[in-house]
Amino acid sequence: MSQNAYTLEFSPTTAATETRRNPATTLICAVSYALAVSVSDSWPALLLASILPAVILAKRFPLHALAKLNLLNAVMILTLALTWPEFSGGLVMGTVIALRVNMICVVFMSMVYPLGTGGIYEALCVLGMPEKMRVLIILTLRGIFTMHERFETALISVRLRAPNLKGMMKLRVFASVTASVLVQSALRSENVMRAVKCRGGFGGFSQYRHEGFNSRDVLFMAGFMVYASCVALLNYA
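Residues numbered from 1 in each chain as written. Predicted model: local features only at pLDDT ≥ 70, side-chain atom pairs only at ≥ 80, totals over all residues. Heavy atoms only, no water.

Chemist: Kindly report on the overall build of the protein, identifying the contributing residues and their values.
Modeler: Across its full length, the protein carries 10 helices and 0 strands. When the helices and strands of the protein are placed in sequence order, the string is α-α-α-α-α-α-α-α-α-α. Sorting the 237 residues of the protein into buried and exposed places 31% on the buried side. Taking contacts inside the protein between residues at least 6 apart in sequence as the whole, the part at least 24 apart equals 77%. Accessible surface for the protein amounts to roughly 14,800 Å². Of this, 67% is attributable to carbon and sulfur atoms. (Helix = DSSP H or I, 4+ residues; strand = E, 2+ residues; numbered from the N terminus. Buried < 20%, exposed > 50% of the residue type's maximum accessible area, 1.4 Å probe, protein only. Contact = heavy atoms within 4.5 Å. Areas by Shrake-Rupley, 256 points an atom, 1.4 Å probe, with all protein chains shown as cover.)

Chemist: Kindly report on the packing of aromatic side chains, identifying the contributing residues and their values.
Modeler: Considering all chains together, one arrives at 4 aromatic pairs under this definition. When the ring of F220 is compared with that of F224, the centres are 5.8 Å apart and the planes differ by 40 degrees; the resulting orientation is tilted. With F220 and F224 both in helix α10 (residues 215–233) and 4 residues apart, this pair spans about one turn of that helix. Exposure remark for F224: the relative accessible area of 9% places this residue in the buried category. Between the aromatic rings of F224 and Y227, the centroid separation amounts to 6.4 Å while the plane-to-plane angle is 85 degrees, which identifies the pairing as edge-to-face. You can see F224 and its partner Y227 sitting in helix α10, 3 residues apart, about one turn around the helix. An identical accessibility class is assigned to F224 and Y227; each is buried. One aromatic cluster is present, built from ring pairs that chain together Y33, F220, F224 and Y227. (Phe/Tyr/Trp six-rings, centres within 6.5 Å; stacked < 30°, edge-to-face > 60°.)

Chemist: Would you mind going over the packing of helix α2 (residues 23–38) against helix α7 (residues 116–126) in detail, with residue names and values included?
Modeler: To characterise two packed helices, one gives the angle between the axes of the helices and the distance between these axes. Where α2 contacts α7, the two axes come as close as 8 Å, and the packing angle between them is 85 degrees. Taken together, α2 and α7 sit at an angle that is classed as roughly perpendicular. The residues of α7 that touch α2, namely those facing P23, A24 and L27, are G119, E122, A123, L124 and V126. Residue composition of the contact of α2 with α7, by class: 6 nonpolar, 1 polar and 1 charged. (Axes fitted to C-alpha atoms, helices over the stretch in contact; angles between N-to-C directions. Parallel < 35°, antiparallel > 145°, perpendicular 65-115°, else oblique. Nonpolar A, V, L, I, M, F, W, Y, C, P; charged D, E, K, R; others polar.)

Chemist: I'd love a proper account of the environment of L78, names of residues and values included.
Modeler: Here L78 is to be found in helix α5 (residues 67–83). Sequence separation of L78 and G90 is 12 residues, and the distance between their C-alpha atoms is 8.3 Å.

Chemist: Outline the pattern of salt bridges, supporting the account with residue identities and numerical values.
Modeler: Summed over the entire model, instances satisfying the criterion amount to 1 salt bridge. In this structure, the salt-bridge partner of K68 is E152, at a minimum N-O distance of 3.9 Å. Of this pair, K68 sits in helix α5 while E152 sits in helix α8 (residues 131–161), and the two are 84 residues apart along the sequence. Since its relative accessible area comes to 62%, K68 is described here as exposed. (Salt bridge = Lys/Arg side-chain N within 4 Å of Asp/Glu carboxyl O.)

Next comes the structure, spelled out in structure tokens:
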């Protein structure tokens, strides 16, 4: 972000530009894969869809990043199994959902997350997203990351100051920390909105625009679309 008080400008030097790939290409491919996986419920389709995450995992993907996600998946699977008409049916459905979530998470963490704020903004520019919508999406992403950082900082502070919290007191402290983070995030959002208005509204932003898609981007997207289409079609084979 530039130091100019009247502009919000993102540097074109992102992970996507270093690999000479249009960020919009990466975003389109990741979203198309996620849509194909979301509608897949047959094991052949899921097996084909798992090829891409398996290749990504083979390239030293940090498995610890999926630990918390799979903890929530375990709770979800147990809940479905206990509330489904048949225990086995709920167990299978929960496993399928957990598998989908893991595959989509791996792909997005390896493809979309490295783009950073600048890459995502550039992709939205190339895709013709309205200016106001682009800025709102970026500000929302910044707000989410800021709230996550504050929450992690507050929890670390609690662990250091009161490592032996137990029972009801632990729940009270957790509720207090959550409320404090939400209030601080709300105040920050209001300050950001005031800053936007003081800088001339959304018309006061200047953006970096990418030149567009090249032949390499088109070929990459075409191959990815074929792969996603095969995954979706296997559900009806």
